[in-house]
Amino acid sequence: MAETKDNIVMFPFMAQGHIIPFLALALELEKKIGYTITFVNIPQNIKKIQPLIPTSSAIRLLEIPFDPSAHGLPTSFETTESLPPLLMLRLFLTSPSLQPAFRKLISDLVHQHRQPPLCIISDMFFGWSVKVAHEFGAFHAIFNVGGGSGMSLFHSLWLNLPHKKAKSEEFPIPGFPEGHSIHVKQLPDHIYYVVAGDPWCSFLKQMFQDWLETDGMLFNTIEEMDHIGLEYFRKQIGCPVWPIGPILSSLGSKARAGEEAQSTLDHCMKWLDSKPEKSVLYVAFGSQLQPSPSQTIELAMALEASGRNFVWVIRPPKNSATNTGHRNGWLPRGFEQRIHGRGLLLEWAPQLEILSHKSTGAFLSHSGWNSVVEALTNGLPVLALPMMGDQHFIAKMLEEETGVCIGLACGSSEAKYKDIVEKIEVMMSGTCKGKDMKTKACKIRDLLGIAKKDEKNFKGASAIAMDDFLTAVFDKSTPSIAPPTKPQISQ
Ligand code: UDP
């Protein structure tokens, strides 16, 4: 009875950088297999997600209760976007508290459908959901929205804290092939100074432990670009690892700007249309982070001194005494007047559309993985200013392994404006290094495009990985039923 076995449950963490790729994957899965997708999140976010779902889609949204104030979070909490860094840690620590409500939600679904969901695809921060899935006999997969390499470094370094035992400043990374090392200066402060057993460390340890029970991991990447990291997880977690990227969607542009999304998009496209090809530097730091007030000033001075065209997604620094609500309070005096015509400042951007515009030449980013995939899909190299999570490690791999990135600062140190100007120049001008990075980024763009091809006579590696994943899901649930191959929903 296919109609009662049709449920794939997806549960992303409460962050735009997780909800956006989960939703993009949900739409892909729905289109591919035509089964019902149940998308779970806290009520505050479900309201925001609803308008993002195309009318052609039957994705079902389900609320999981969550009281932010019970965890010391603001009552207005929706996603990490509105939280200062200190409260972000508190949010991560609330993750296990969602387990009873999630179990009830799955139990209700089981009663409704008279059998368990086909599969539960959870966020990496909801590692505990594997227990719930297996209790009800459902297949469990983690959709890891970080890339293979950056996330593998994150896993290895937080699990082993090798710098605490290292005899030299440069030391090997546990679990990585010989020759792969990291320098203490490349470590962000929050890992360098960590004390084993602190709440964040303990949370991660338990999360990594839970991962060991999952039935498989999905990554928004391709094997060619991320082989070392994917191999790391195959060995360390010992489960199938399916690189199914790039998972992309322009939902991001609508995720925050709401009704203004269309007018912002029109304005941006018109502005970019007026600029020469590859002449614009796009500057953005994802959905939840902004550089410190002092770093913001250095960056503003550098963008001004570079003389280049730029689009800068800039929001008020969180927790800043200089945050008067107006940019004049936290940007150099007269900045907006001086860059008028060649600098466009936005609070939320149609990022994917900007990155795919012919006038955009490079991306100055915090190197969040979605942003990196979006840049590389468009053949754009990256200037990296990482801030937290796996971003430092993504930047390291992009610079040292892939050769498509220039780091602006080491570890948690701040980038100085003269240095930023020099690096912008290398990236935007036709220097050897800049050209080489652009060529490499274009090669990756081509590989990303091929990986996703799913045609009658040719299937790319990501399309094959997606089929393998679905086969594993179906094999576990009913070995006799083959996964449907024909799309049942037209978009
Ligand atoms: N994004 C966007 N407009 C913005 C800022 C972010 O559309 O002004 C989207 C971006 O395209 C990406 C996501 O938000 O899909 C951010 O994810 P990423 O992993 O890069 O960073 P995070 O927000 O998780 O730090």
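Residues numbered from 1 in each chain as written. Predicted model: local features only at pLDDT ≥ 70, side-chain atom pairs only at ≥ 80, totals over all residues. Heavy atoms only, no water.

With respect to the site of the ligand
Residues in close proximity to the ligand total 17 residues, the closest being Ser287, Ala349, Asn370, Ser371 and Glu374. The separation between an oxygen atom of the ligand and a polar side-chain atom of Gln351 is 3.3 Å. A distance of 2.6 Å separates an oxygen atom of the ligand from a polar side-chain atom of Glu374. Protein chains bury 96% of the 540 Å² of accessible surface belonging to the ligand in isolation. Ranked by residues supplied to the shell around the ligand, first place goes to helix 15 (residues 369-377) with four residues. When grouped by side-chain class, the residues that make up the shell around the ligand number five nonpolar, 11 polar and one charged. (Near = heavy atom within 4 Å. Polar contact = N/O pair within 3.5 Å; in protein donor to acceptor, adjacent residues only side chain to side chain. Areas by Shrake-Rupley, 256 points an atom, 1.4 Å probe, with all protein chains shown as cover. Helix = DSSP H or I, 4+ residues; strand = E, 2+ residues; numbered from the N terminus. Nonpolar A, V, L, I, M, F, W, Y, C, P; charged D, E, K, R; others polar.)

Concerning the sheet that holds strand 2 (residues 36-41)
Strands sit in the order 3-2-1-4-5-8-9 across an open sheet of seven strands; the sheet is parallel. Edge positions in the open sheet fall to strand 3 (60-63) and strand 9 (241-243), since each of these has one partner strand only. Between one strand axis and the next, the sheet turns through 25° on average, direction left out of account. (Pairing = 2+ DSSP bridges. Axes fitted to C-alpha atoms, helices over the stretch in contact; angles between N-to-C directions.)

Remarks on helix 12 (residues 293-306)
The end-to-end C-alpha distance of helix 12, which contains 14 residues, comes to 20 Å, matching closely the 20 Å that a straight helix rising 1.5 Å per residue would cover. By the burial criterion, the buried members of helix 12 are Gln295, Thr296, Glu298, Leu299, Ala300, Ala302, Leu303 and Ser306. Taken together, the buried residues of helix 12 touch strand 10 (280-284), strand 11 (309-313), helix 13 (335-338), strand 13 (360-365) and helix 17 (417-428). Positive phi shows up at Gly307, right after helix 12, with a value of about 70°. (Expected span 1.5 Å × (residues − 1). Buried < 20%, exposed > 50% of the residue type's maximum accessible area, 1.4 Å probe, protein only. Contact = heavy atoms within 4.5 Å.)

Quick word on the sheet that holds strand 12 (residues 343-346)
Pairing between the strands of a sheet comes from backbone hydrogen bonds, and it takes one of two forms, parallel or antiparallel. Pairing is parallel in the open sheet, where six strands are placed in the order 12-11-10-13-14-15. Sheet topology places strand 12 and strand 15 (405-407) at the edges, where each strand pairs with a single neighbour. The average undirected angle you get between the axes of adjacent strands in this sheet is 15°. Sheet analysis places strand 11 next to strand 12, joined by four bridges and oriented parallel. Its bridge partner being in strand 12, Val311 is matched across the sheet by Leu344.

A short note on the nonpolar core
Side chains that are nonpolar tend, in soluble globular proteins, to be buried together. Membership of the largest hydrophobic core comes to 64 residues, with the highest contact counts inside it found for Met14, Phe102, Ile106, Trp158, Trp211, Met217 and Phe233. The greatest single-element share of this core, amounting to seven residues, is contributed by helix 8 (residues 199-211). Aside from chain neighbours lying at most four places away, what touches Trp211 is Met124, Gly127, Ile142, Asn144, His155, Met217, Phe233 and Ile237. (Core = buried A, V, L, I, M, F, W, Y, C linked by side-chain atoms within 4.5 Å.)

Focus: the packing of aromatic side chains
Counting across every chain of the model gives 28 aromatic pairs. With a centroid separation of 6.1 Å and an interplanar angle of 70°, the aromatic rings of Phe66 and Phe77 are classed as edge-to-face. Placement of Phe66 in the loop between strand 3 and helix 3 (85-93) and of Phe77 in the loop between strand 3 and helix 3 is noted, with a sequence separation of 11 residues between them. By relative accessible area, Phe77 is classed as buried at 0%. Between Tyr282 and Phe363, the aromatic rings sit 4.9 Å apart at their centres with planes inclined by 35°, giving tilted as the arrangement. Placement of Tyr282 in strand 10 and of Phe363 in strand 13 is noted, with a sequence separation of 81 residues between them. We classify Phe363 as buried; its relative accessible area is 0%. Positioned above the aromatic ring of Trp271, the side-chain terminus of Lys275 is 4.7 Å from the ring centre. (Phe/Tyr/Trp six-rings, centres within 6.5 Å; stacked < 30°, edge-to-face > 60°. Lys NZ or Arg CZ within 6 Å of the ring centre and 35° of its normal.)

Here we look at the environment of Ser359
Of note, Ser359 is situated in the loop between helix 14 (351-355) and strand 13. Look at Ser359 and you get buried, because its relative accessible area is 0%. For the pair Ser359 and Lys275, spaced 84 residues apart in sequence, the C-alpha separation works out to 6.1 Å. Filtering out sequence-adjacent residues up to four positions away, Ser359 remains in contact with Leu272, Lys275, Pro276, Glu277, Lys278, Ser279 and Val280.

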